[in-house]
Amino acid sequence: MKLIFSYCWVLILWCNPTFFRCFKKALSIQKTEHSYTQLGKMHMLKGDMEGAIAIYKKAVEAFPENSDLLSVLGLLHLQTGDTQKAFEHLGNAMTYDSQNVKAIMGAGSIIQDHGDFDVALTKYRVAAAVTPESHALWNNIGMCFFGKKKYVAAISCLKRAHYLAPFEWRTCYNLGLAHLTMHQYASAFHFISAAINLKPKFAPLFMLLGVALTHLEDVNNAKQAYEQAITIQSDDPMTYLNYAIMLHNNGEKSQAAAQYAKFELHNKTRTTNDPDVNALVAKLGPILHMGS
């Protein structure tokens with residue numbers, strides 16, 4: 001309770017306009033890394049990412065060799081979806097400090113998202129030597145191994161991340177996904193359920209829960225999971241596709257055809273390069289249409 005109160009008190013103080021004016025006045029008198037950092041944090045606490053980026057840009061202009069300022073600016077660009085600028089600033093941060101963990105993690109995640117898992121793992125090895133107890137690091141390493149289809153190694157790394165941060169829903173989600181891929185459905189159900197308790201408004205979790213329950217032969221609860229996923233997010237085509245497959249396998253042909261029609265409707269606005277999904281659609285599409 002004291003921790004929550006303390007955080008709220010800091011938030012109220014930092015969002016006070018007087019503090020903005022004081023730090024701006026301080027910067028007008030003398031430019032310091034600390035003043036820029038605190039002013040940038042105030043903008044972030046207010047949810048003003050563009051304002052924070054503007055402050056950190058000025059900070060980097062004043063202190064171009066400060067790796068911490070460069071890494072934060074890069075992460076802010078990454079958060080706003082500008083991966084090109086993010087990678088540029090994170091790369092500059094690592095030029096001045098090759099062991100800057102924030103920069104390594106940010107750059108590694110960009111490389112990982114582009115599917116270059118071996119290069120990302122090389123980056124993460126450097127970070128692991130500096131911060132071996134980082135749950136985010138082990139989560140990312142685990143998902144690199146998952147991308148390389150080394151699922152046993154992925155689960156091992158993800159379980160270490162889970163041990164370090166048991167209430168991090170993303171790690172639970174990733175563990176559920178990895179166990180589903182390994183056909184370990186009871187373990188998948190365990191971690192997906194834990195993730196749902198931590199993040200109950202995230203639709204893909206309920207879709208994965210539906211998949212796990214289907215393989216555990218609990219069809220009624222699987223249906224409820226898919227319906228909940230659709231209630232939260234009605235435009236995800238993969239939910240309708242998995243729901244249609246489950247209904248078809250359960251002998252409910254007309255209902256399966258109706259869900260597949262919704263999949264086609266929502267899939268028109270999205271394109272997927274996943275060959276497994278494309279092959280599945282090509283194979284099951286004609287069969288599911290026959291139920292209509």
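Remember, predicted model here, so these are calculated numbers, not experimental data.

Caption draft 1: Representation of a positive patch on the surface in the model. On the surface, a cluster of positive charge is contributed by Lys24, Lys31, Lys46 and Lys58. By the secondary structure assignment, Lys58 is in helix H4 (residues 49–62).

Caption draft 2: Seen up close, the pattern of salt bridges. Counting across every chain of the model gives four salt bridges. In this structure, the salt-bridge partner of Asp118 is Lys148, at a minimum N-O distance of 2.7 Å. Taken together, the residues Asp118 in helix H8 (residues 117–130) and Lys148 in the loop between helix H9 (135–147) and helix H10 (151–164) connect sequence positions 30 residues apart. Using a relative accessible area of 48% as the deciding quantity, one classes Asp118 as partly exposed. One salt bridge connects Glu252 with Lys223, and the closest N-O pair in it is separated by 2.8 Å. Remark: Lys223 occurs in helix H14 (residues 219–232) and Glu252 occurs in the loop between helix H15 (237–249) and helix H16 (253–267); sequence separation between them is 29 residues. A relative accessible area of 17% places Glu252 in the buried class. A residue is classified by how much of its surface remains accessible, and Lys223, at 21% relative accessible area, is partly exposed.

Caption draft 3: Broad picture of the packing of aromatic side chains. Applying the stated criterion across every chain, the model contains seven aromatic pairs. Ring geometry for Tyr260 versus Phe263: centroids 5.4 Å apart, planes at 40°, classification tilted. Residue Tyr260 and its partner Phe263 are both found in helix H16; the two are separated by three residues, about one turn of the helix. Across the pair, exposure class does not vary: Tyr260 and Phe263 are buried alike. Grouping aromatic residues by their ring pairs yields a cluster made of Trp169, Tyr173 and Phe202.

Parameters at a glance
Residues numbered from 1 in each chain as written. Predicted model: local features only at pLDDT ≥ 70, side-chain atom pairs only at ≥ 80, totals over all residues. Heavy atoms only, no water. Patch = residues over 30% accessible without salt bridge, like charges linked within 9 Å, V, L, I, M, F, W, Y side chains within 5 Å. Areas by Shrake-Rupley, 256 points an atom, 1.4 Å probe, with all protein chains shown as cover. Salt bridge = Lys/Arg side-chain N within 4 Å of Asp/Glu carboxyl O. Lys, Arg positive; Asp, Glu negative; His and termini not counted. Charge placed at Lys NZ, Arg CZ, Asp CG, Glu CD. Helix = DSSP H or I, 4+ residues; strand = E, 2+ residues; numbered from the N terminus. Buried < 20%, exposed > 50% of the residue type's maximum accessible area, 1.4 Å probe, protein only. Phe/Tyr/Trp six-rings, centres within 6.5 Å; stacked < 30°, edge-to-face > 60°.

Honestly, it's all geometry; don't read function into it.
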